[in-house]
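Results of the structural survey
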2 protein chains.
Amino acid sequence: MNNTRQRILAGGLDLLSQSGFAGITLSVLAEKSGMSKSGLFAHFGSKEEVQLSLLEKMTEVGASTFLAPAMQHPQGLPRLKAVFTGWLGWTERAGLHGGCPVAAGMFEFDDADLNHPVRKRLEAMEQAWRSLLAQLTLEAIDAGDLSPSLDVDQFVWEVCGIYLNHHVSHRFIRDPMALQRASTAFSSLLNRSSNVALKPDPSSE
Amino acid sequence: MNNTRQRILAGGLDLLSQSGFAGITLSVLAEKSGMSKSGLFAHFGSKEEVQLSLLEKMTEVGASTFLAPAMQHPQGLPRLKAVFTGWLGWTERAGLHGGCPVAAGMFEFDDADLNHPVRKRLEAMEQAWRSLLAQLTLEAIDAGDLSPSLDVDQFVWEVCGIYLNHHVSHRFIRDPMALQRASTAFSSLLNRSSNVALKPDPSSE
């Protein structure tokens, strides 16, 4: 049973990355998995249950594709950089044919009922992700790589903007410069957040 | 006839801003407009024709809501700032109940057929918008407000990232700090793009 479930979720995640949540229904997923709708019901009781399971699957795939390897880098700036670099375009390296389901989901569900279970799960995932980025940033400060006076929440906010715009530039506009633009923006952000660049003399603060 | 068409498009644009293109079908739009589906067909021959007309309507509404007033500001930095400030959260000031259809559409259509007419229209609109931002940036350079050595395409790229993340922060995460974060990021970008970029921004301390 678990193998079947995993096979459904793997195919479903690929579909989700291409079509968004609107493209995930039990009928479409049954067809893609070569199962009957009632066969699919044995594994998932509702469309929402499938969608939530797909987000869980996505977390696993993202962890094995880029997060776990990036976390092997030394704590501080090397790890922060590795996580950011691995995050950009991770779905392709995971073998998916579309973009990041959370990035797209935040635009698909922004005006949904605040208690919609998929919206709530997406929000919890995004908050957890931003918290991880904040923790990595704090570790880079502790390591002396970034300035102790850095506004960590603002830094993470700007990192997320670079990610979203890379997603649009790369996947929607298909701009061959997308990765270079994102890397330049991230380097510039690091530069002005470091201990030495563009910072006032510490003695004058 | 034009009044009916305008009424359908006004209601449809509000729907589009909340539900995305997946939420726009002739049935749903007919119901929202209090018309029969065949009555709607008298105005729009297909779902795609409705969707393209809604994007045209969006351009008109965006122009009257924020772009035209912002363009009244003096050429150079004042105009660039006014356009950026007006762009953030413009749909609410236009009386819509959802977010920006182009921002969301770029995530909804990124993996659609490259020749899909809605995808093509969205891409043309986004490119035109980025060209306008580039032109305003060049004018700010000509006015002596920004550095002549500025990489204009990179600057515009980063501005678009701030916009996208403001959209997510404000509409999806509902972060009360969204506008402040976007303003800080934009000020920081302007500061390092100005003629005196190496001077620390006193307001950021």
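Preceding block: the structure.
So, here is what we can say about the structure in this document. (Residues numbered from 1 in each chain as written. Chains lettered and ligands numbered in written order. Predicted model: local features only at pLDDT ≥ 70, side-chain atom pairs only at ≥ 80, totals over all residues.)

Secondary structure summary: chain A contains 10 helices and zero strands in total. From first element to last, N terminus to C terminus, chain A shows the α and β order α-α-α-α-α-α-α-α-α-α. Expressed as lengths along the three principal axes of its C-alpha atoms, the size of chain A is roughly 70 × 35 × 35 Å. Looking at chain A residue by residue over its 205 residues, the buried ones come to 37%. (Helix = DSSP H or I, 4+ residues; strand = E, 2+ residues; numbered from the N terminus. Buried ≥ 20, exposed ≤ 12 C-beta atoms within 10 Å, placed from the backbone.)

Between chain B and chain A, the superposition needs a rotation of 180° and an axial shift of 0.0 Å, giving an RMSD of 0.0 Å. When the rotation and shift are considered jointly, the pair of chain copies conforms to a two-fold rotation axis. Among all residues of chain B, the minimum C-alpha distance to the rotation axis is found for Gly-161 of chain B, at 2.3 Å. A shared binding surface is used by both copies, with 100% of the interface residues of chain B retained as interface residues in chain A. (Least-squares fit on C-alpha atoms with pLDDT ≥ 70 in both. Contact = placed C-beta atoms within 7 Å.)

Moving on to the interface of chain B and chain A. Opposite the 34 residues of chain B that make contact, chain A presents 35 residues. Ranked by residues supplied to the side of chain B that touches chain A, first place goes to helix α9 (residues 152-172) of chain B with 11 residues.

Time to look at helix α1 (residues 2-19) of chain A. All names here are of chain A. The terminal C-alpha atoms of α1, which comprises 18 residues, lie 25 Å apart, in line with the 26 Å expected from a rise of 1.5 Å per residue. For α1, the set of buried residues is Ile-8, Leu-9, Gly-12, Leu-13, Leu-15, Leu-16 and Ser-17. On the buried face of α1, the contacting elements are α2 (26-33), α3 (37-41), α4 (47-71), α6 (90-93) and α7 (101-108). Once α1 finishes, Gly-20 follows within two positions and takes phi at roughly 75°, a positive value. (Expected span 1.5 Å × (residues − 1).)

Residues Val-159 of chain A together with Val-159 of chain B are the most contacted members of the largest nonpolar core, which totals 68 residues. Excluding its chain neighbours within four sequence positions, the residues that come into contact with Val-159 of chain A are Phe-84, Leu-133 and Leu-189 of chain A. (Core = buried A, V, L, I, M, F, W, Y, C linked by C-beta atoms within 7 Å.)

Here the focus is the environment of Leu-96 of chain B. Residues and elements named next belong to chain B. Note on placement: Leu-96 falls in the loop between α6 (90-93) and α7 (101-108). Here the alpha-carbon distance between Leu-96 and Phe-172, two residues 76 residues apart in the chain, equals 16 Å. Beyond its immediate sequence surroundings of up to four residues, Leu-96 is in contact with Leu-13, Asp-14, Ser-17 and Thr-91.

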